[in-house]
Every structure is written in structure tokens, then in C-alpha cells.
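Here is what each chain is made of, one letter per residue.
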Amino acid sequence: MPGKLKAKIVAGRHLPVMDRASDLTDAFVEVKFGNVTFKTDVYPKSLNPQWNSEWFKFEVDDEDLQDEPLQITVLDHDTYSANDAIGKVYIDIDPLLCSEAATVISGWLPIYDTIHGIRGEINVLVKVDLFNDLNRFRQSSCGVKFFCTTSIPRCYRAVMIHGFVEELVVNEDPEYQWIDRIRTPRASNEARQRLIFLMSGELQRKIGLKVLEMGGNAVVGYLQCFDLEGESGLVVRAIGTACTLEKISTLPATATLPSNSSPSKDIKEPVFGEEGPGVPLSSGPPTPLRAQTFSSFSPSKSYSRQSSSSDTELSLTPKTGMGSGGSAGKEAGPLKALLRQQTQSALEQREYPFFTLTSFPPGFLLHLGGVVSARSVKLLDRIHNPDEPETRDAWWEEIRQEIKSHTKALGCHAVVGYSESTSICEEVCILSASGTAAILSSRFMQDGPLETDHRLSRQPLVFSTGSERVDGDMGSTASLGFEEMVPPGCEFCHIPYDELNIPFPAQLTYCCCCRRYKVPDVLFTTIDLPTEANITGKGCLIQARLCRTKKKAQGEGNAMAISNLLPFLEYELHTQLMNKLKLRGMNALFGLRIQISVGETMLLGLASATGVYLTALPSPGGIQVSGKTPSDITYEQHISNMQKKINDTIAKNKEVYEINPPEVVEEIIGSPIPEPRQRSRLFRSHSESSDEVSEIDLSHGKKDAFVLEIDDTDAVEDIHALLTDSPTPAGFYSCNTEIMPGIQNWTSAIQMFTSVRVFRLNNVNLTNQGLNKVFSDLCENLLKSLYFKLRSLVPCCLCHLNFTVAIPEDELIQVAVTAVAMSFDKELTLENGKQSGDKSLKKENDEQLQFNLELNAEMSSSNLSSPKGLTEVGSHPSAKAPSVDYSSFADRCSSWIEQLRLKAHTIRRGSVKTTSSLEKASPLPEGRSRSLRSNRSYSGSSVAVVRMTPLSFIPGAKIIKYLGIINMFFIRETTSLKEEGGVSGFLHTFIAEVFAMVRAHVAALGGNAVVSYSMKECVFMENPNKNQAQCLINVSGDAVIFVRESEVEAASVHPQSAATQTSNGEGT
Amino acid sequence: MSVELDVFVGNTTIMDKEVYQLWLNGYTVNDAVTLRIEGGVMEECEVLLSDTMDQYRTFQMCERLLHHPAKLANQLLFQIPPDRQAMLIERYYAFDDLFVREVLGKKLSKGTKKDLDDVSSKTGVMLKSCRRQFDNFKRVFKVVEELKGPLVENIRQHFLLPDQLARDYAAIVFFANNRFETGKKKLLYLTFQDFAFCAGQLINNWTLGAVDNMMEDMDVDLDKEFLQDLKDLKILITDKDLLDQHKSLVCTALRGKTNVLNEMEANFKNLSRGLVNIAAKLINAKDVRDFFIDLVEKFIEPCRSDKWTSVDVNLYLTHYTNSAHILDTFKHHSVWTRYMGVIKSCILKMYHE
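Residues numbered from 1 in each chain as written. Chains lettered and ligands numbered in written order. Predicted model: local features only at pLDDT ≥ 70, side-chain atom pairs only at ≥ 80, totals over all residues. Heavy atoms only, no water.

K.L.:
Can you help me understand the overall build of chain B in this one?
P.N.:
Across its full length, chain B holds 21 helices and one strand. Each of the 353 residues in chain B was classed as buried or not, and the buried ones make up 55%. When contacts within chain B are restricted to residue pairs at least 6 apart in sequence, those whose partners lie at least 24 apart make up 70%. Across chain B, the centroid of the 46 positively charged side chains sits 5 Å from that of the 51 negatively charged ones. (Helix = DSSP H or I, 4+ residues; strand = E, 2+ residues; numbered from the N terminus. Buried < 20%, exposed > 50% of the residue type's maximum accessible area, 1.4 Å probe, protein only. Contact = heavy atoms within 4.5 Å. Lys, Arg positive; Asp, Glu negative; His and termini not counted. Charge placed at Lys NZ, Arg CZ, Asp CG, Glu CD.)

K.L.:
What's the story with the confidence of the model for chain A in this structure? I'm lost.
P.N.:
Regions with low pLDDT should not have their predicted coordinates read in detail. All names here are of chain A. Looking at chain A, pLDDT values average 71 and 64% of them are 70 or higher. The low-confidence segment residues 251–337, where pLDDT is below 50, has 252 contacts with residues more than four positions distant or belonging to other chains. Ignoring residues within four places in sequence, the model shows residues 447–487, a span with pLDDT below 50, making 136 contacts including any to other chains. (pLDDT = per-residue confidence, 0-100.)

K.L.:
Looking at this structure, I do not really get the packing of helix 8 (residues 116–123) of chain B against helix 9 (residues 127–145) of chain B. What am I missing?
P.N.:
Packed helices, taken two at a time, are described by the angle between their axes plus the distance between the axes. Residues and elements named next belong to chain B. It is the contact of helix 8 with helix 9, at a shortest axis distance of 9 Å, that shows an interaxial angle of 120 degrees. Taken together, the axes of helix 8 and helix 9 are oblique relative to one another. Judged by the sense of rotation from one axis to the other, the crossing of helix 8 with helix 9 is right-handed. Where helix 8 abuts helix 9, its residues Leu 116, Asp 117 and Ser 120 lie against Leu 127, Cys 130, Arg 131 and Phe 134. Partitioning the contact of helix 8 with helix 9 into residue classes produces four nonpolar, one polar and two charged. (Axes fitted to C-alpha atoms, helices over the stretch in contact; angles between N-to-C directions. Parallel < 35°, antiparallel > 145°, perpendicular 65-115°, else oblique. Left-handed = near helix turned anticlockwise from the far one by under 90°. Nonpolar A, V, L, I, M, F, W, Y, C, P; charged D, E, K, R; others polar.)

K.L.:
Honestly, the pairing of strand 31 (residues 1028–1044) of chain A in this entry has me stumped. Any pointers?
P.N.:
Within a regular beta strand, the side chains point alternately toward one face of the sheet and then the other, so they alternate between its two faces. Where burial is concerned, most of strand 31 of chain A is hidden: 16 out of the 17 residues are buried. A loop of four residues connects strand 30 (residues 1009–1023) of chain A with strand 31 of chain A, the two strands running antiparallel in sequence, and Asn 1027 of chain A in this loop sits at a positive phi of about 65 degrees. (Pairing = 2+ DSSP bridges.)

K.L.:
Is there a simple way to explain the interface of chain A and chain B in this structure?
P.N.:
Many descriptions give the size of an interface as the accessible area lost when the pieces come together. Listed by partner, the interface residues are 71 residues for chain A and 52 residues for chain B. Of the roughly 5600 Å² buried at the junction of chain A and chain B (both faces included), carbon and sulfur atoms supply 60%. Where chain A touches chain B, the interface holds six salt bridges. When the shortest N-O distance is used, the salt bridge between Arg 757 of chain A and Asp 6 of chain B registers 3.0 Å. Where chain A meets chain B, there are 25 residue pairs in polar contact (both at pLDDT 80 or more). Tallying contributions element by element places helix 21 (residues 982–1004) of chain A first for the side of chain A that touches chain B, with 13 residues. Of the residues that constitute the side of chain A that touches chain B, the class distribution is 37 nonpolar, 18 polar and 16 charged. (Buried area = accessible area lost by both parts, 1.4 Å probe. Salt bridge = Lys/Arg side-chain N within 4 Å of Asp/Glu carboxyl O. Polar contact = N/O pair within 3.5 Å; in protein donor to acceptor, adjacent residues only side chain to side chain.)

K.L.:
What should I look at first to understand helix 11 (residues 163–178) of chain B in this one?
P.N.:
Residues three or four positions apart in an α-helix share a direction because the helix packs 3.6 residues into each turn. Residues and elements named next belong to chain B. Here helix 11 contains 16 residues, and its C-alpha end-to-end distance of 22 Å stays within 8% of the 22 Å for a straight helix at 1.5 Å per residue. Within helix 11, 12 of the 16 residues are buried, which leaves it mostly tucked inside the rest of the structure. Listed as buried for helix 11 are Leu 165, Ala 166, Asp 168, Tyr 169, Ala 170, Ala 171, Ile 172, Val 173, Phe 174, Phe 175, Ala 176 and Asn 178. In the stretch just after helix 11, Arg 179 is the one whose phi turns positive, near 55 degrees. (Expected span 1.5 Å × (residues − 1).)

K.L.:
Sorry if this is basic, but what is going on with the packing of aromatic side chains here?
P.N.:
Between two aromatic rings, the relevant description is the distance of the centres plus the angle of the planes. Counting across every chain of the model gives 54 aromatic pairs over all chains. Ring geometry for Phe 995 of chain A and Tyr 1013 of chain A: centres 6.1 Å apart, planes at 80 degrees, overall edge-to-face. With Phe 995 of chain A in helix 21 and Tyr 1013 of chain A in strand 30, this pair connects stretches of sequence that are 18 residues apart. For the pair Phe 995 of chain A and Tyr 1013 of chain A, a shared accessibility class is recorded, and that class is buried. Taking the centre distance of 5.5 Å and the plane angle of 70 degrees together, the rings of Trp 206 of chain B and Phe 291 of chain B count as edge-to-face. One end of the pair, Trp 206 of chain B, is in helix 12 (residues 192–206); the other, Phe 291 of chain B, is in helix 19 (residues 291–305), with 85 residues separating them in the sequence. Across this residue pair, the class does not change: Trp 206 of chain B and Phe 291 of chain B are buried. One aromatic cluster is present, formed by Tyr 20, Trp 23, Phe 59, Tyr 92, Tyr 93, Phe 95, Phe 99, Phe 137, Phe 159, Tyr 169 and Phe 192 of chain B through successive ring pairs. (Phe/Tyr/Trp six-rings, centres within 6.5 Å; stacked < 30°, edge-to-face > 60°.)

K.L.:
Looking at this model, I keep getting lost on helix 5 (residues 390–409) of chain A. Mind explaining?
P.N.:
Residues and elements named next belong to chain A. Under the 1.5 Å per step criterion, the end-to-end length of helix 5 is 28 Å for 20 residues, consistent within 8% with the ideal 28 Å. When helix 5 is considered as a whole, its buried residues turn out to be Arg 392, Trp 395, Trp 396, Ile 399, Arg 400, Glu 402, Ile 403, Ser 405, His 406, Thr 407 and Ala 409. Looking at the buried side of helix 5, the elements it contacts are strand 10 (156–171), strand 12 (234–247), strand 13 (365–379), strand 14 (414–425) and strand 15 (428–440).

K.L.:
Can you help me understand the sheet that holds strand 9 (residues 145–146) of chain A in this one?
P.N.:
Where strands meet in a sheet, backbone hydrogen bonds hold them as pairs that are either parallel or antiparallel. Residue and element names in this part refer to chain A. The sheet built from four strands is open, its strands ordered 9-11-12-10 with mixed pairing. The two strands at the open ends of the sheet, each matched to only one other strand, are strand 9 and strand 10. Where strand 10 lies against strand 12, 14 bridges are found, and the strand directions are antiparallel. Following the sheet pairing, Ala 158 is matched in strand 12 by Leu 245. Sheet strands touched by helix 2 (residues 185–214): strand 9, strand 10, strand 11 (218–228) and strand 12. Its angle to strand 10, the strand with the most contacts, is close to 135 degrees.

K.L.:
I'm lost on the pattern of salt bridges in this one. Help?
P.N.:
Pairing between side chains of opposite charge can happen when the charged atoms of each approach one another. Applying the stated criterion to the full structure yields 51 salt bridges over all chains. The partner of Asp 113 of chain A in a salt bridge is Arg 186 of chain A, and the shortest N-O contact between them spans 2.7 Å. Pair noted here: Asp 113 of chain A is in strand 7 (residues 105–113) and Arg 186 of chain A is in helix 2, with a separation of 73 residues, a long-range link. Classification of Arg 186 of chain A as partly exposed rests on a relative accessible area of 23%. Note that Arg 760 of chain A is salt-bridged to Glu 4 of chain B, the shortest N-O span being 2.8 Å.

K.L.:
Is there a simple way to think about the pairing of strand 4 (residues 56–60) of chain A in this case?
P.N.:
Residue and element names in this part refer to chain A. Burial along strand 4 is one-sided: the residues Phe 56, Phe 58 and Val 60 are buried and none of Lys 57 and Glu 59 is. Summarising the sheet, strand 1 (residues 3–13) and strand 4 pair through five bridges and their orientation is antiparallel. Paired with Gly 3 across the two strands is Val 60, which belongs to strand 4.

Have a look at this one:
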């Protein structure tokens, strides 16, 4: 009996009228945990009841505490008939089970009903007293922390990264049980919600146990998914990365600058002594690493390449051992080999050397091989025994093995940025897994607290604080780069595989940064851009979209047809990606996510990634169009027109994304436009044969042009598709990664949003091309709408722009996206850019100094480098800059907190604003409303502002506490679709309600933001004829407390006050 | 091929002021899109349509909250920054002067609501917008009717309206409650703001709350006792000596200060009778309704036909008021002051040269 759960029901408000006669409600509350139920008294005739109940106490096993949600039901008392349910609240008490997370849940939570939506709110207090249970055989795993964030959480450092954990549980879906025929939709929905709550609790507990077994204390990059398999059941599965995390002491100052920034001095920073007591500072094993890491670097960047993924063919080459060192080359060879052995042994002990993380502490990631992915098509059958989910386990096992072997083929020993997904249609299920093959440093993986671990582990911390201070914090890529002083920048691009034994056709050149190692011509990865990477210009979102029809079929035949289509689909997606990448003059993709969705009569493929120009990789060649039938003059002309268009687009894109790679002087004066001889008809990316590679190192830089031969309609279509992507409007950037490469100075204005579109294909006889166009237009239009909606935030960047596609039923395509728009200061970008040069120089000298000066140094550095510093000073040049012509600057609503807080800020902004046509058109002059506004005080508002973002950070703020994972599942159903505004009205309300519930639960935990938020499932079904619709949404994220940087600075002066300030930080 | 479903939901609810205004003005989605295209926000119809529909949906969802603005601040469904909330409320409760002029003083009943389409076609304000405005009046009226304390303050607190708007609503409520006649032809030259000003004067000086805001009763009704006392002023016109004395005092004081002294002298008795009679009749609810029309007929029109300037009117009324205090046999000084203060400022406001 190791835990006591206590709950108190305080009050309700805004309850619905349940008694038409009196227009009032006689409400009471049932509080249920497990099988125990308590009730409050009936509070008669009120829509704002004050129950003020006693503390209801549940004495329970901690196992149950983890599995079960606390279930609160609000009812209307009825003397003569059955009591009517008003709605329910499920409270996940997991955050209370971990000492470092929340301690109490207290606040107004929306009362939710699956038929009516939110119906008022209830104020509750929930606490847990946990007794220690040291039983080794316990079934619970209380205290293991879970994070959705796919990087080391901001206020922790990784002592050790243990590796992959996975688990799945299955059950029958209540919706498909026989009883569903006789019970009400409400009962059925509630049974389902509850079941999923239970299953995710159980799943989390089981994963927690595995983590404890591995010796870890946390799961990072926790990704939980539902597979609604219909008749055959309900699968909840999760993967994550087990870590041992250590909380960083709250003083930001401890961090200071990365010690290892100077490669030469290396190792022991005595300064850290104070911080890490008892850590021996010998410099043993790390040396090789270090040498390796830093020896090679030059001011620009470098790159590596991509492996084309997908393919099943790769599994043909399970050459083991290939990983070790061939390419390591001269100097560092032996060291590298040594290192590899170490790491490898560490990794080989693991069944799957997979990491769900997408960004890593510096130094962790050594080389990237490329994307590895595997898919398999399965036929679902009923899960007979829920307690033995072996089939599903075996399926995933297969896929993971395949990934593992692909990885080996790429000469790598680990997979980073790993994720798994499914797509289900009737009884066919496509399982997919993908990640990026990589070689990792052993630093975080050895057993025993190596000195390295400690020292290293400090780095993330350094970065987080350092960068956060820089406002965007994320900005980091570059700014961190300087701070670090030695941008190793290119190492991760160097090929990990054997040059002479390349697993796939690729063209290698010497790294443009260090000129010592080979790099591929392009690099595709599923991770975020490493902070240390050297890039040129800015990045952008690149999407490949594809639609393929297929025949309706059943069972095995269907599965077969799908698996036959898959390779083609992947191939074409890949080609599209490659073309679009070249068209933008870029050479690498990060955050690649390929989603394949299956429907009855078609397959959809959507690949999204963020393209960048990695300085280390060679400049991409252009795209050459060639015709097959040169006889016809008009045709020739057509072709040359097209070529011209393409060339123009490339040139324009280079300008837009500021890609001016430092010209590589010596080499290649050859024509940047490919010579005709190269028309070797490569649709495939890599394509230049490998023997050619060996021939001349010098010329590799630019010689390869991508040739598109127009010999069939497909090619025409391809080119057409290439050119029809509408350009991003001025002032906007977009990416699907955490941060936009090349942008740093975020302001604190962020706007998270979810947008869903469903498109009906009425014309059944569409060809593939027709479908493609429709699908592509759908995505483009959605993007256009987003840009339009968010125009008030300009200049801004849409980050984490990941589309999720689905085929809810025949002829319907659903696209959902959850992303965040973050605005940034344009002028400061330049500023910063300029500064960076000087700065890095200066830094070199200052570095040690700064190191010791901690606070002072940090402050000065933040003033220097961070836009924030400038902003606050208010002296910066942007105020005058006439170049800002973005519409309705003044209109930006999401910066309102700041507007209230930092008056200076507002004023500055105001002065920049140029009136937009919109503003002019508005009938009420701004002046008037403003003056009126000032009369009023809204201080009475009791609703705390909760920010939400799919990213792992909040610009301009520092996360000081993680309160626990938010994982919520809701079902909403209606039988009066028309009355609720049709499907759009229905879903609009539902999504708004989900947001509201997430915010309320976060606020009740004491948090003021959700980071790494994602909507993992949005299943929408409608039946307009019956006036019915149903929708399921699953969301997750990490509840956190953040403080504004300005406050942090204030707080650091009075450390004790920091905590208090925090808790009510954004309270108003 | 068609878009079946299209939604956009922001964590911070995105609202476009321009679209909000179009919605408030009663435009349909399609009309709004056309207007926006004409306004040059963007050419692409599809994008605008999608955006406009989203916004309209959002506004519709917010509307029930706007009916009880206090709820907007503590509801959880939409995260709206305070300044936006204020904007939403303010604009929702804003009204067209043309429209309000039509219903001012009318009973806020179903019957009146039925006639709104006439009002709509007469004023050019869309019916939908008329209904919203009418419902706003009615809602405010209903809430305030039951409350004690100062009218303006009550409105401001319950509906979180800016000061000026709260005053305007107070005027509307006050007019509706007392059913002042404002639609007669002779009154048509007066704007809503003229009436609102007068209402403010009446509320501040002639209601029960004006004397003692701790009173149970509220600002909506005129102070009965005061109205009763007004009857005593009749002495000013019934007592001939007093009337002559008053006249000579006023004329002496005005000598040399105006070009229309002769007219003033000639009209003094008529004007004085007019004003005092109005006072004496106010005890009857029916005559209260005719208050403004009486002012116009009995005072403003005669002055205007004699070409008085506002300055003249002001001078005249000032001396007319003050001189009464010097009259030996006149005892009702406080009632006189309270009465004439309001009359004077109302007349000045209503006197358009």
C-alpha cells in the first residue's frame, strides 16, 4: 500500500442548466479511483456550486497510481429519475509521483462530455503521499521521468544515455465490442477514453520498469502512439530513449562557457570542480575524441550525405564490420578506430542501438551516414490474447532488425532521430520505422561515471543556458557556434562508411571545411541540425508529395499490391525531394519525415524536411532539362524555356535563402552550368557512378548537374511540380525542424496552431498525375492559408511544420498540421551576423576569462550577442529602419504578454509599425481603442496564460522546471452536426476544447507552458446523412514552468526569490 | 473536388479586426470575402474564403461569451489577450448612431424588434447588425434594471465597457425606461449625442441616485419627490408681480450685452411660462415623455425664430436662473437650481443655430 491519493472538490462554475424548469442545476460530484468511489453532497440550485468537500482519500498501490487516472464525474441530482451526467474530468496523477515534478494539482479544469463538449469547470485539489517501496520485484516505476522532448531537457544534463526502450500493450477496442450495439454512444466513448488512459498508464509504467532495469531515471523522446486496428483491437505502443539525467542547479551562472571550446587546452576545467564534487578530473579516454572532434575544422561548414533510404535492397548488404574506419583516413585513423571500438562495444550490448532523440549534446554525434528506413505491410488479425501481444511485438522486431542491418551497411553503429509509425486501412497495416544512421561518441554510454561523462554532460547545460539567454536560444546554432569558438562544424558530415565500398551510389568529395575527409554530395537525415553545424544562408521547408491510385482489393492480394507499390512511391518521393533540394541550391535535408498513408483506392506519400546548405558539402549542381526528341524546334524551345525557368528559380532561391557559399577558390573554374555530356539521365540523386568519383578529387565540387530528361509525361509532370511550388511570401520562413537554420533572434511572440483540412475527391476517375496535382495543391493551399493567417507576426518563421496525412475514407484526404509561428527581429539577424565575426575573434581571448567570471561575463556576453540585450537597451537600429514594410506589425497579438510587461518593448515596436491597409480599413481608429483600453483593468481575470509549442523551448525564456508529461486522449461525438456548424464547426470547437483542456491541466500542475506539444492522432469520421460525426484526438507534450529571461537575470541576483517568482510567473 | 472541412485553431485565438467588423456589420461570408478582396488584403479568393470562414466561426463561438463579457475573462476555451478581449467587447457593443436614433426612447420589446427591418432599410444598417444592436440594448437594459447604484458604473462593470460607451448605454437605458419621445418630426434634427448628453444631465441631477447614491432605488427613474416639488415653481408665473419683477431683473442684467434684447423682453413671459409649465407637468409620466418636444416647442423654436445665437441663449438662461434667486417672495431656491441647471445645459446642447 505504498501510496495515498487525496482529492478535494472545491467548487464548480459555468455549469450548464440541467433543470429547465428552474434554469438551474443540483450538482454533485463522484470521485473515483480504481474501484473506490466517493461522492460530495448535492449543492442545490446553482450553476456555480461550492462543494468544499472533505479530502477524499484513496489508499492504493503505486502500480495503480501509475496506471489509473483519477476520474471525476459531475452529475445533476434528480429525485425521481436517474441522475444526469454533466461531464467528466480525467486527471493523470503521474506527474505527482515524481519528486522533481509537480507536487499538487490545483485549479479549474474543464468538465468534458463526449457529446456536449466542455460544460463548465470544476475546481479540484489533488495530492499524493508516496511511501518508499524498495521491493526489488515491484511492478511500479514511480519516479521515472518522462519527456516528449527529443533532446536533453533544458534544465537537466545527461549523465548517461542508456538507449532504446519500447513497449506495447494491446486490448480490444470497446467501440467494437458486442455491447456497443446496446449502449449509448456516450458510454461507449467513455469506455474507450478510460481504456486508453489505463493502457497508456500501464505502458508508461512498463517502460519505466525497463528504464530502472537499465539503471536510468528518465525517458527522453518518449513517443506514444495508438493504432486503432478496428475489429482486431487497440494497440498502444511507445518508444523512447532511456537516460540518466541530473538536474542542473538553478543558478544559470554555473554553466558559463563550454570549456572545451579551445581544442588545445582541452580537459580539465578546474572551475567545474566546485560544481561536481567528487568527480575525478583525469583526462583519460576522452583525448582521442577530442582530437578528433576539433582537429578538423575550418570556419565554414561541411557536410555529409544522405543515404537514400527506404529500400529494401539495402538489406542485401549486411556487411558488418564495415563501420570501422576505412574512411578515417590518415592522422586520426587509429584514434578513431579505437574510439569506434569503444563505442561499438557499448552499443553492441544493446539490442537496438536506437535513439529517439533528434538533437544531442555537442560531441555526442560523430558522423552521420544517412537515412535508414524500413516498412512492412501486414494483415491485421484479431488479437486473441491481449496479455500476449507477441504478434505485434514480432512485427516491430522485424522492422527494427532491418533498420539495424541498414545501419550496418552504412558503416554506422547507431540510429538517431528514430521513430516508428503505422498507417491502417481496413485490415491492412503499414508499419514504418526510420532514423538516421550515425556513429556516436561513447561518452555518454560507458558504464561508470567517467570523468568524461561528467564534463561532457555539463555541456548541454552550458548550451541550454547560454543559448536561452540569447533569446531565441535556439538561435543557438550559430551563436553557439561562436561561443564555442571552435566550430567543429563539419565533422558529422564526414562519411562513416568505407570509401571504396560505398553501400549505394554516391559521389564523394573532400570536405569543403577541413579538406581532409570525404563528404557526400548530399546528406539526408531525420534529426535536427546539430548545433555545431556550419551552414550557409537559411533553410527552408521542402516537401515531396505523391499520390498513387491502387485497385480495391481484399486481404492478402491487397497487402501484396501495396507492398509492390511502396518502393516506387518511395523512389519518387526521393526524386522529388532531391529535385526540390537542388532547385533551392541546397545540399542537405534535416528532420526528414516520410509518411505513407494507405486508403482503399490510393496511397499517399508525403515527405517533409528542412533543406539547408551545409558549408562542408559541395555546392549542388543545377538541374538540367533535356529533351528526347530534339528534332522539333518548338519542342526545343519549350525545353530551353523550361531550363531557363529552372535556372532563374535556382538563382532566385539562392538569393532568398542567402546562399552564397564561400567560393572555393582553387578548384573548379569549370562552368557552373553542367556540360551536356553529363546528361546521364539520372533521376536518382546520387547517380554519378562511384568509379567516377575516384577519378578526380578536384573537380567534384560542382560538376554534377542533375539531369531531367523529358521523355515521358512523368518527367514533364515532375518538372511541372517542381516549378509550381509557390514561393514563401516575403517575411516568412518555414521549416519542419526545431529551429530554422540561419535565424536566431526570436522575439518572444509565438503562436502555436493546429490546422486540419479534409478534401473530397469527387471525380473518381483521376489519374495519378491528376491526383498528385490535387494533393500537391491541397498542401500548397494550406501553406498559403497559414502564411496569410499569420501575416501579423511577420517577419516570422513557421517551425516544426509537420503535416500528417490520412485517408479517412475513400475519396477523402485529410491533412493536419500543428506548428508554431515565431517572429524574429530582422535587423538583428544582420546585426548579429556582423557581430559574430568580431565576436568569435574576441572570444578566443576572452574565453578563459569569461569562464571564471560567470555571471558578469555572461551578462556582458548576452548584451553583446543577444538580440534581447539590444532590445532592452532600446537603442538598436531597427527602430529606424525603413525597410520594415511588413503589414500590421502592431497587430501582433501573441506578444501581448510582453506588451504588458515590457513597456519599452512595446514602444519600440510601435515605432516600427507601418500602417497596413487592414489597419486603415478598420473603422475604429487604433488610438481610440487604446485610450479606452487603458481605463479598464482586467486584473480580475483568473485564467493564467499557458503557452503551447511543438518545440522544446520557448524563445526568450528559460525553462526552470518540468512538471511531467501531458498525454491526453479525447473523443467527441455529435448527433447534431448541422446545428454545431457542420464538420468544420464541430472540429473547430473540438480542437479549441482540446487546447483548453491541455492548458487547464498544465495550469493546474502549476505550469505556464507546454513544450514539445504534438497532436499525434486526429481521427475524424462523419456521416452527414445521419447528421453525425465523431473525432478522436490524442495530444501530448511536456508541462513546464518557464521564466522570462529578463526575470532570470533579476532572479539570479536573488536566487532565493527565483522560485517564488516562478510559480506565479505568468500568472496574470 | 471540394474542401470538405477546413479549420485553423490557434493557441492564442487569432482574430482579425477587419473581419470582425465585417461580421458585426452583418455581412455574409461571401460578401465579406468580396469586400476584403476589394480592400486589397489579398487576391486569392480561396485563401480569403478559408480565413473568413474560420474567423466567422470563431466569432460565432465567442458570441455567447460576449453576451456576458465578464465571462470572457475567465472562460477557458479561448485564450485571448486582454487587449483583444477589450476590443471584442467594445466593438460588439458599439452601435450605429443612425440606428440608435431610430429606437431611442422606444420600448425594447418584441414588437419593436419586429419592426427592425423597416429601421434597417431606413438607416442602411444591415438587419443582422440591427438585431445585434437591439439585443445589446435589451440585454443591458435587463441587467441594469435590477441593479442598485449608479447606472453608468453598473453598466461599465457588468459589460466591461469603456467609459464613453457605458455612458451612451446609460442614456439608451434611461430613454427606454422613461420612454422619452424622440421620433417627432420637430426632434429629428437632434443627434443621438445630443440626447445622450441630456440623458447624462438628467441622470446626474434629477434621479434619486443623484441626491444620494446609497438609495435603494436607482438611476433609471426620476426622483419623484423632486418632480413633486417642481410644482411649487408655478408661483413664478402665476404670481404676476413675481413675473414682472423677474422680467425686469433679467432685462436689466442683459442690457447692452445682446443684440436681441427687444425680442427677449417681448418674449420673456412666454418663455418663462413655457419652462415653468414644463417643470410643473413633469410629475405626470406622460408629460415626461414629451419633455424634449416641449423644450423644443416652448423654448427653442421661439428663440430660433427670433434669431438668437447660442451665446444669447446662454446669457438669457443664466440671468433668468440667477435672477429668480433675488426675488423676495420666491423660496424654492434649491429646486429651482436643480431644475434650471439641467434645463439650461439641455437647451444649450439642443440649440442648433
